[in-house]
Structure formats: C-alpha cells, structure tokens
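Geometric and topological summary
For reference, the chains in residue letters:
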Amino acid sequence: MCRVLKVPGNSYYRWLKDPEGQRMRKYMELDEKIRDAYFAAKGRNGSPRLAKDLQVSGTPVSRTTVACHMKEMGLRSKLSKRFKVTTDASHNYKVAPNLLNRRFNQNEPVKACVSDLTLYPIP
C-alpha cells in the first residue's frame, strides 16, 4: 500500500504511533491559550492585544496567527460605545429654586409633584 501511495513506510508507522501529530498538538495548545486569554479579557481584546498578552506570558506568536486562530474559533472582540456626557453642570442658565426642600412626605395628595428636567434648559 505504501508503494502504491508513494509514502515511505516509516511515515506510515510513525502515523500509527501518533495519528494526531506534533504540529496538530501545538496548534491545539495555541488554540487553548488564545481561548483562555480571550475569556480572561472578557472578550474585549482583539488579535493585536491578545498577541501581546501571549508574548508577555512567554508564547511566541504573531498577530496574524492569533487572528487566523480567532477566526477559525469564531471569536471576535466586543466593541463598546464611548461614554457620552449628556449633562453640563457648568452652564449660565437660571437654576430653579428648591421649593420642596427635601420634604417628600406631604399630608395632602398632589401637594408636591417632582420630576427631572436636567436635560432641558430653563429659559
């Protein structure tokens, strides 16, 4: 069979002893390291940061290799929106007087109604 397939006999017997192969084991170990680093960063890091993290921990790997492994595993970094400030405390608008003065318990119904109008400027 080896002669027909033009495969050396020692390669066949090496495959019999170790069908997975050393290269595949290293590949799967790298997958595991990438997966661990990805979930340690809560899925927020992409391939450049994961590659740097792995290099710091002693695993020599390039960004493109990490990107290929992440693509095969279906891992993508989570994008988060920037925090947008919606209120401005340093303004020149008039400030409404505090008529309630923290007296929330009233004796009569609808004596004091409270709402938040910080989003709208007072003319």
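Structure: above.
Quick caveat: nothing in here was measured; it's all calculated off a predicted structure. (Residues numbered from 1 in each chain as written. Predicted model: local features only at pLDDT ≥ 70, side-chain atom pairs only at ≥ 80, totals over all residues. Heavy atoms only, no water.)

**So, the overall build of the protein**
- Scanning the protein for helices and strands turns up five helices and zero strands.
- Each helix and strand of the protein, placed in order from N terminus to C terminus, yields the pattern α-α-α-α-α.
- For 123 residues, the compact-globule estimate of 2.2 N^0.38 gives 14 Å, and the C-alpha radius of gyration of the protein, at 32 Å, exceeds that figure by more than 25%.
- The principal-axis extent of the C-alpha atoms belonging to the protein is close to 100 × 35 × 25 Å.
- Residue pairs at least 24 apart in sequence account for 54% of intrachain contacts in the protein once pairs closer than 6 positions are excluded.
- Across the protein, the 24 positively charged side chains and the 11 negatively charged ones have centroids separated by 5 Å. (Helix = DSSP H or I, 4+ residues; strand = E, 2+ residues; numbered from the N terminus. Rg over C-alpha atoms; globule rule 2.2 N^0.38 Å. Contact = heavy atoms within 4.5 Å. Lys, Arg positive; Asp, Glu negative; His and termini not counted. Charge placed at Lys NZ, Arg CZ, Asp CG, Glu CD.)

**Considerations on the pattern of salt bridges**
- Applying the stated criterion to the full structure yields two salt bridges.
- Residues Arg35 and Glu32 are paired through a salt bridge, measuring 3.3 Å at the closest nitrogen-oxygen approach. Of this pair, Arg35 and Glu32 both sit in helix H3 (residues 22-40), three residues apart, roughly one helical turn.
- Judged by its relative accessible area of 39%, Glu32 falls in the partly exposed class. (Salt bridge = Lys/Arg side-chain N within 4 Å of Asp/Glu carboxyl O. Buried < 20%, exposed > 50% of the residue type's maximum accessible area, 1.4 Å probe, protein only.)

**Looking at the environment of Leu30**
- Summarising the element assignment, Leu30 is placed in helix H3.
- Taking the C-alpha atoms as reference, Leu30 lies 9.7 Å from Thr65; in sequence the two are 35 residues apart.
- When near neighbours in sequence (up to four residues on either side) are disregarded, Leu30 contacts Thr59, Val61, Thr65 and His69.

**Topic: the packing of aromatic side chains**
- Here the structure, examined in full by the defined rule, presents three aromatic pairs.
- Summarising the aromatic geometry, the rings of Tyr12 and Tyr13 are spaced 5.2 Å apart at their centres and angled 70° between planes, so their arrangement reads as edge-to-face.
- Every member of this aromatic cluster is reached through a ring pair, and the members are Tyr12, Tyr13 and Trp15. (Phe/Tyr/Trp six-rings, centres within 6.5 Å; stacked < 30°, edge-to-face > 60°.)

**Thoughts on the side chain of Asp31**
- With respect to the element layout, Asp31 can be found in helix H3.
- At 5.4 Å, Arg35 is the nearest oppositely charged side chain to Asp31, a buried residue that forms no salt bridge.

It is worth stressing that arrangement in space is one thing and function is another; only the former is reported here.
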